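Tertiary structure, described
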Amino acid sequence: MENLSYDLNIEENDLLLIIDMQNVYLPGQPWACPNIKHAIPYIKKKISEFPENQIIFTKYLPFHHPKGIWKDYNIVNAQINCNPWLNDYVEELKPYLTDSNFYSKSTYSCCKNKELYRKIDSYERIFVTGVVAECCVLATIFDLIDMGKKVTYLKEGIAGENEEKENNIITILEGLSPLHIIFH
């Protein structure tokens, strides 16, 4: 059997994926993730370790013409969806955003964006950070695994609705470790 221990040195086939670090998740905001303030400096540290062309940021934006349950989602979240500041990226990470590394998405998983899917598919190992652990991060991880990618879950760089939910996601994903996912 293949050696399942992964070297965490960054290689040219590695990608740092930063999911939806938007203002709406800051403390005191509608979808607050308390550990986001801890995740931001960790993500900045990771950004400094990766070449610029091996970093991708995603941002959730609602569908213009939603179908099915996404219609209801847009109705329930209309005030958030139309607020530019809530949907904007956190200030600390804005300096790293470029036209070539920034993608919008309209589903929980960023792998549903076809252009982003093609970009991700050119990498072997994906280092995952961002929000929300039990939603967009989890959906993306399952899609990455289905794509055949080696996933590294960077615990300090991921925030959820609360610490208990963050830990529950790790417990769920542990069943896929170490073959599909490792934790760091």
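Per-chain numbering applies: the sequence of each chain, read as written, is numbered from 1 onward. In keeping with the model being predicted, local features are shown solely for residues with a pLDDT of at least 70 and side-chain atom pairs are shown and tallied solely at 80 or more, while totals for entire chains, interfaces and linings include all residues. Side-chain measures were taken over the full set of non-hydrogen atoms in the model, leaving aside hydrogen atoms and water.

Looking now at the pairing of strand β1 (residues 14-19). With a 1.4 Å probe rolled over the protein chains alone, any residue whose accessible area is under 20% of its type maximum counts as buried; one over 50% counts as exposed, and the rest are partly exposed. Numbering of helices and strands runs from the N terminus, with a helix taken as a DSSP run of H or I at least four residues long and a strand as a DSSP run of E at least two residues long. Burial of β1 is extensive: 6 of the 6 residues sit out of reach of the surface. Here β1 shows no split at all, with D14, L16 and I18 on one side and L15, L17 and I19 on the other all buried. Where β1 and strand β4 (residues 125-131) come together, 6 bridges link them in parallel fashion. By the bridge assignment, L17 is partnered in β4 with V128. Two strands qualify as a pair provided that DSSP identifies no fewer than 2 bridges between them. Where β1 lies against strand β2 (residues 55-60), 4 bridges are found, and the strand directions are parallel. Following the sheet pairing, I18 is matched in β2 by F57. Note on handedness: a clockwise path from strand one over the helix to strand two, with the strands aimed away from the viewer, defines a right-handed crossover. Chirality of the crossover, the property in question, places the unit of β1, helix α1 (residues 36-49) and β2 among those that are right-handed.

Attention now goes to unusual backbone geometry. Both trends apply: most residues other than glycine have a negative phi, and most peptide bonds are in trans. Along the chain, V131 connects to V132 via a cis peptide bond; the corresponding omega equals -15°. Tracing the sequence through the fold places V132 in the loop between β4 and α6 (133-146). Cis geometry marks the peptide bond from S177 to P178; its omega dihedral reads 5°. Here P178 lies in the loop between α7 (163-174) and β6 (181-183).

Looking at the largest pocket, its volume works out to about 190 Å³. In this analysis, the protein atoms alone were mapped onto a 1 Å grid. Cavities are point sets where a 1.4 Å probe fits without being able to get out; pockets are open sets with protein on both sides within 12 Å along at least five of seven lines; lining residues have an atom within 4 Å of a point. Every residue lining the largest pocket is listed: Y25, W31, A32, Y60, Y73, N77, Y108, V132, C135, C136 and E161. Taken together, the residues that form the lining of the largest pocket break down as 9 nonpolar, 1 polar and 1 charged. Grid points are joined across faces, edges and corners, and a volume is the space filled by probe spheres set on the points. Just so you know the grouping, Ala, Val, Leu, Ile, Met, Phe, Trp, Tyr, Cys and Pro go in nonpolar, Asp, Glu, Lys and Arg go in charged, and all remaining residues, Gly too, go in polar.

Taken in spatial order, the 6 strands line up as β3-β2-β1-β4-β5-β6 in an open sheet, and their pairing is parallel. Across the chains shown, the open sheet's two edge strands, defined by having one partner strand only, are β3 (102-105) and β6. Shown here is a sheet whose adjacent strand axes are inclined to one another by a mean of 25°, direction ignored. The strands that α1 touches are β1, β2, β4 and β5 (150-159); relative to β5, the one it contacts most, it runs at about 130°. A contact between two residues is defined here by any heavy atoms of the two lying within 4.5 Å. Between the N-to-C directions of two axes lies an angle of 0 to 180 degrees, each axis being a line fitted to C-alpha atoms and, for a helix, fitted only over the stretch in contact. Against the sheet, helix α5 (residues 114-121) touches β1, β2, β3 and β4, its axis set at about 155° to β2.

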